[in-house]
Amino acid sequence: MTKEIADEVPNLAESKLTALVVDDNFVNQTMHHKLLDRLGIRNDVVCNGQEAVDVHCSGRNYDLILMDMEMPILNGIQATKRLREMGIESKIAGVTTRANEGDKKEFMEAGLNDFQEKPLTISKLLSILHRLDFYVQT
Amino acid sequence: MDTLVAQLQRQFRDYTISLYHQGFLDDQFTELKKLQDECSPDFVAEVVSLFFEDCEKLIGNMARALDQTGNVDFNLVGSSVHQLKGSSSSVGAKRVKGLCITFKECCDSQNFEGCVRCLQQVDIEYKSLKAKLQDLFNLEQQIVQAGGRIPQVDI
């Protein structure tokens, strides 16, 4: 990595933010985990909405949840609703490949704070963090 | 006269550019490369390897689902296509992603012949990309072994 690229990417490690990646696809899990790592955000990864619910039932909590929409066992819409019903107040950003307006509306109404289309990039992730007041863009 | 390193670097630059211009890769591959650093020097190769494993698994699922003559579950096929579209999009595999869009349309309209054609094309395309990326990684290795640095290529 060149110094120019390193200079562009903020390090948010001091903010001690934590995040949970919820996605059933290994490639996306790896990418999102690395993107968060690169920004200095400690993060865990689970494979579907049910695991996201279970990890919260075990007492874990996160500042940010990156929630995929289509997943087996418990999808992103159902998982988001369940987490809100449990009283989880973490910021939840829905991330999915191009969804139709109806799906997006349903996902937002389940309790999302933000929505972003995949594939995620550093700048898209920074936009999420900025919109959710975790990061001030300069 | 060019040194070996300079020749290899030029070859690497030209080959990388050709992969983008020929539509094998898109900007997302560039984003992927940005995530590689000293802590994870093989990150791109690792993710790409995961992607190709995903391709094999999902294409196998699609083939099995399409093999149920007269009783094809197009939702099942479509689900695998959606997965492949997602992962190809994440690594910048532009042609594979494009084929998945067409493939999904065939699934949605329950077009069996269209699905079979798309499956064949996706299989060819991911294997072609796999070979080309292997060549690219081999060039990187040769540059490093010759004592050079891998050049940053602006597309």
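Reading guide: rules and limits
Residues numbered from 1 in each chain as written. Chains lettered and ligands numbered in written order. Predicted model: local features only at pLDDT ≥ 70, side-chain atom pairs only at ≥ 80, totals over all residues. Heavy atoms only, no water. UniProt positions renumbered as here; feature names shortened; annotations may be inferred. Helix = DSSP H or I, 4+ residues; strand = E, 2+ residues; numbered from the N terminus. Contact = heavy atoms within 4.5 Å. Buried < 20%, exposed > 50% of the residue type's maximum accessible area, 1.4 Å probe, protein only. Polar contact = N/O pair within 3.5 Å; in protein donor to acceptor, adjacent residues only side chain to side chain. Salt bridge = Lys/Arg side-chain N within 4 Å of Asp/Glu carboxyl O.

Chain B goes by Histidine-containing phosphotransfer protein in an unreviewed UniProt entry, where it is assigned to Raphanus sativus. The Function (unreviewed entry) comment attached to chain B in UniProt states, word for word, "Functions as a two-component phosphorelay mediators between cytokinin sensor histidine kinases and response regulators (B-type ARRs). Plays an important role in propagating cytokinin signal transduction."

The name given to chain A in an unreviewed UniProt entry is Two-component response regulator 24, with Raphanus sativus as the source organism.

Participant: In this structure, what is going on with the UniProt feature "modified residue: Phosphohistidine" (unreviewed entry) in chain B? I would like to understand it.
Facilitator: In the UniProt entry, the feature "modified residue: Phosphohistidine" (unreviewed entry) is given for His82(B). Along the chain, His82(B) falls in helix 4 (residues 74-91). Residues within four places of His82(B) in sequence aside, it is in contact with Glu70(A), Thr97(A) and Lys104(B).

Participant: I'm lost on the side chain of Lys118(A) in this one. Help?
Facilitator: All names here are of chain A. Counting through the fold element by element, Lys118 comes out in the loop between strand 5 (114-117) and helix 6 (122-131). You can call Lys118 buried: its relative accessible area is 10%. Within the local environment of Lys118, its side chain forms a polar contact with the side chain of Asp23, the two groups lying 2.8 Å apart. Setting aside residues no more than four positions away along its own chain, Lys118 makes contact with Asp23, Asn28, His32, Asp68, Val95, Thr96, Thr97 and Lys124.

Participant: Would you explain the pattern of salt bridges in this entry?
Facilitator: Two side chains that carry opposite charge are able to pair once their charged atoms sit near each other. Per the stated rule, a full pass over the model turns up 14 salt bridges over all chains. Note that Arg131(A) and Asp114(A) form a salt bridge whose closest N and O atoms lie 2.9 Å from each other. Of this pair, Arg131(A) sits in helix 6 while Asp114(A) is found in strand 5, placing the two residues 17 residues apart along the sequence. Judged by relative accessible area, Arg131(A) falls into the partly exposed class, the value being 43%. Overall, the relative accessible area of 9% leaves Asp114(A) in the buried class. One salt bridge in this structure joins Lys104(B) and Asp108(B), with 3.1 Å as the shortest N-O distance. Of the two residues, Lys104(B) and Asp108(B) are both situated in helix 5 (residues 94-108); the distance of four residues between them amounts to about one turn of the helix. A relative accessible area of 55% places Asp108(B) in the exposed class. It is possible to trace a salt-bridge network through shared partners that takes in Asp23(A), Asp68(A) and Lys118(A).

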